[in-house]
Amino acid sequence: MPILEANTIVKVYGGSSEEGATRALDGVSLSVNEGEFVAIMGPSGSGKTTLLNILSGIDKPTSGTVSIRGTELSEMTGDELALFRRRQLGFVFQEFNLLDSLTVKENIMLPMVLEKKSAAEMESKAKSLADLFDIQSTLDKYPYQISGGQQQRTAVSRALTNDPAIIFADEPTGNLDSKASAVIMESFEKIVAQLATTVLLVTHDVFAASYCQKVVFIKDGMIHSSIVKKGSRKEF
Ligand code: ADP
Ligand code: ADP
């Protein structure tokens with residue numbers, strides 16, 4: 001069952017004249033199944049971030065449609081879309097985007113505060129996510145007191161607090177060394193396997209993409225090819 005469907009997405013940035021404009025996406029169609037773990041790969045400037053932003057409702061396409069769980073994003077009002085994104089989608093960024101003035105636990109709980117969840121519920125959810133990602137010992141620390149890998153696992157935990165249907169991640173390993181990258185990709189594998197969450201990430205890290213079940217290659221704003229892996233990743 002597709003959870004996300006994009007149909008002939010075109011994105012043109014800037015200016016009405018052809019010379020001034022950048023055609024960042026040139027007719028991208030894509031279907032992602034529920035519980036799938038997908039990487040979008042491509043060279044710098046190929047349109048990866050633009051595509052991710054459009055699929056997740058951060059940005060609007062010039063033409064084409066995106067629907068998630070059967071709801072077309074363009075048919076929602078701004079308020080409906082904001083609520084939909086908060087409740088159904090989770091986001092992870094290259095820069096982690098944690099708040100330095102809050103502890104790890106408070107950072108994880110932030111989306112639940114916005115949803116006005118009870119203190120007990122927030123506490124128990126933060127603890128269970130910290131267990132899942134092995135960051136229990138960092139809960140009362142501040143982001144600058146923990147490693148980059150722990151910061152990224154905090155960010156992944158925060159993205160999961162409202163049990164989103166889809167996690168979108170933009171270069172999640174971009175600021176991590178290879179060991180921390182492996183840990184973060186294993187956390188995504190856990191989310192997909194244990195929580196049946198759909199994960200869609202953008203990367204130019206081949207090692208990160210090797211964890212995904214499907215890799216879509218994008219070049220000059222168009223899908224060039226894609227591969228679907230049979231069976232699980234082999235370790236040597
Ligand atoms: P990638 O993520 O693959 O590096 P991007 O989606 O960031 O690619 O960019 C695709 C193209 O669109 C590039 O030529 C980039 O310069 C251009 N672009 C991206 N965002 C904007 C913007 N906000 N305004 C104008 N051009 C943009
Ligand atoms: P990435 O490589 O992760 O896609 P970029 O450096 O391409 O990051 O883009 C960072 C931000 O700058 C994005 O939000 C993108 O939309 C914006 N951007 C990229 N290219 C341009 C551009 N030519 N004009 C305006 N904004 C741009």
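Here we summarise the structure given alongside this text. (Residues numbered from 1 in each chain as written. Chains lettered and ligands numbered in written order. Predicted model: local features only at pLDDT ≥ 70, side-chain atom pairs only at ≥ 80, totals over all residues. Heavy atoms only, no water.)

**Observations regarding the overall build of the protein**
Our working definition: Counting from the N terminus, the helices are DSSP H or I runs at least four residues long and the strands are E runs at least two residues long. For the exposure calls, accessible area comes from a 1.4 Å probe over protein chains only, and a residue counts as buried if that area is under 20% of its type's maximum, exposed if over 50%, partly exposed in between. Between two residues, a contact is recorded if the distance between any of their heavy atoms is within 4.5 Å. For the accessible areas, the method is Shrake-Rupley and the probe is 1.4 Å, while residue cover comes only from the protein chains on display. For this count, His and the chain ends are skipped, Lys and Arg are scored as positive, and Asp and Glu as negative. Where a charge lies is defined by one atom per residue type: Lys uses NZ, Arg uses CZ, Asp uses CG and Glu uses CD.
From N to C terminus, the protein includes seven helices and 10 strands. With respect to the three principal axes, the spread of C-alpha positions in the protein is 55 × 50 × 35 Å. Expressed as a percentage of the 236 residues in the protein, the buried residues total 47%. The long-range share in the protein, meaning contacts at least 24 apart out of those at least 6 apart in sequence, stands at 69%. When the accessible surface of the protein is totalled, it reaches about 11700 Å², and 51% of it is carbon and sulfur. When the 24 positive and 29 negative side-chain charges of the protein are each reduced to one mean point, those points stand 4 Å apart.

**Brief notes about the sheet that holds strand β4 (residues 63–68)**
Note the following rule: When DSSP finds at least two bridges between two strands, those strands are taken to pair.
Ordered by their spatial adjacency, four strands build an open sheet running β2-β1-β4-β5, and the pairing between neighbours is antiparallel. Two strands close off the open sheet at either side, each with one partner strand: β2 (22–33) and β5 (71–72). Summarising the sheet, strand β1 (residues 2–13) and β2 pair through nine bridges and their orientation is antiparallel. Paired with Glu5 across the bridge in β2 is Ser31.

**Regarding the site of ligand 1**
Going by this rule: Throughout, near means a residue has at least one heavy atom within 4 Å of the molecule or strand. Two N or O atoms count as a polar contact when they lie within 3.5 Å, although within protein this holds only if one can serve as hydrogen donor and the other as acceptor, and sequence-adjacent residues are included solely when both atoms are side-chain atoms. Classes in brief: Ala, Val, Leu, Ile, Met, Phe, Trp, Tyr, Cys and Pro nonpolar; Asp, Glu, Lys and Arg charged; the others, Gly included, polar.
Residues in contact with ligand 1, as listed here, are Tyr13, Thr22, Ala24, Pro43, Ser44, Gly45, Ser46, Gly47, Lys48, Thr49 and Thr50. Taking Ser46, its main chain carries an N or O atom lying 3.1 Å from an oxygen atom of ligand 1. When ligand 1 is considered free in solution it has 560 Å² of accessible area, and contact with the protein chains removes 58% of it. At the level of elements, β2 and α1 (48–55) are the ones that each hand at least two residues to the shell around ligand 1. Top contributing element to the shell around ligand 1 by residue count: α1, with three residues. Grouping the constituent residues of the shell around ligand 1 by class yields three nonpolar, seven polar and one charged.

**A closer look at the pairing of strand β6 (residues 89–93)**
Counting buried residues in β6 gives four out of five residues, a clear majority hidden from the surface. When β6 meets strand β7 (residues 166–170), the two strands line up parallel, connected through five bridges. Bridging from a neighbouring strand, Phe91 pairs with Phe168 of β7.

**A word on the side chain of Thr103**
By the secondary structure assignment, Thr103 is in the loop between β6 and α3 (104–114). Other than its neighbours up to four places away in sequence, Thr103 contacts Leu139, Asp140, Lys141 and Tyr142.

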